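Structural overview for review
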Amino acid sequence: MLGYYYGFDLTYIVLVLPAILLGFWAQMRVQSTYARYSQVRAGRGITADQAARFILDQNGLRDVPIQRVSGSLTDHYDPRERVVRLSDSVYGSPSIAAIGVAAHEVGHAVQHAEGYAPMRLRSAIVSVTNIGSTLSIPLVLLGMVLNFSGLAMLGVALFGLVAFFQLVTLPVEFNASHRALATLESRDILSMEEMQGAKRVLTAAALTYVAALIQSLAQLLRLMILVGGRRRND
């Protein structure tokens, strides 16, 4: 059984550390892939914000604005304000990487407009997930220190919500990328060769969400082992 061995937390070394390293690798890959294809200009001469505006209009979302935000790869769709936000490195860029990212965020806007079920579920649980993310570990630690297994198990359950949120996020992100690539191809925004670059960028980005889920599941399993072991020893 995993636990502490000569002062080392084997649950962290065996479960969590590899997941963290996977997350670092995924982040490095998305950054390197984006950097590579951000140097490749789309042959049509369209910029990322123009592509986003075109796709929004084609889907009847002319009332959804596009805003520029500071930072690099801070792009996102805000369902509360119904606005697509593109980062400095994406907005106005004619690269196939930027166009792919912009189309992905528009994919979220289309999901929202269509009432895409996984996105609605993610939006519904985001508040309670934030609570779970904040309180879960402190409750586990406090429960173990006070030898109060019920409190520790509550912390584990709350962290389970974090893992569930990451799980729900996967279909939302993969579907947005699928919509983006299908639209870029069907509307002839990118050529077939350019599509391969955009696909690599979005695939690399998707891996970061897979890594986040694996990290959450590894941490959840670790907490279950630690709390379960403490309960058996009581």
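Residues numbered from 1 in each chain as written. Predicted model: local features only at pLDDT ≥ 70, side-chain atom pairs only at ≥ 80, totals over all residues. Heavy atoms only, no water.

Notes on the side chain of T33
Which entries qualify depends on this criterion: Helix and strand assignments come from DSSP, with helices taken as H or I runs of at least 4 residues and strands as E runs of at least 2, each series counted from the N terminus. To sort residues, take the accessible area from a 1.4 Å probe on protein chains only and compare it with the maximum for the residue type: under 20% means buried, over 50% means exposed, and anything in between is partly exposed. We call two residues contacting when some pair of their heavy atoms lies within 4.5 Å.
Among the structural elements, T33 can be located in helix α1 (residues 10-37). A relative accessible area of 13% places T33 in the buried class. Not counting chain neighbours up to four residues away, the residues in contact with T33 comprise R200, V201 and A204.

Topic: the pattern of salt bridges
In plain terms, the rule: What makes a salt bridge here is a side-chain nitrogen of Lys or Arg within 4 Å of a carboxyl oxygen of Asp or Glu, nothing more.
Applying the stated criterion across every chain yields a total of nine salt bridges. Among the ionic pairs, R68 bridges to D88, the shortest N-O distance being 3.0 Å. Of this pair, R68 sits in strand β3 (residues 66-69) while D88 sits in the loop between β5 (83-87) and α3 (96-114), and the two are 20 residues apart along the sequence. With a closest N to O distance of 3.1 Å, D78 and R85 form a salt bridge.

A few points about the sheet that holds β5
This is how the line gets drawn: When DSSP finds two or more bridges between two strands, those strands count as paired. Only the stretch in contact is used when a helix axis is fitted, and all axes are lines through C-alpha atoms; the angle between N-to-C directions ranges over 0 to 180 degrees.
With mixed pairing, the three strands of this open sheet are ordered in space as β3-β5-β4. The two strands at the open ends of the sheet, each matched to only one other strand, are β3 and β4 (76-78). Taking each pair of neighbouring strands and ignoring which way they run, the sheet shows an average axis angle of 30°. As paired elements, β4 and β5 share three bridges and run antiparallel to each other. Within the sheet, the bridge partner assigned to H76 lies in β5 and is R85. Helix-sheet contacts for α3 involve β4 and β5, and the interaxial angle to β4 is about 25°.

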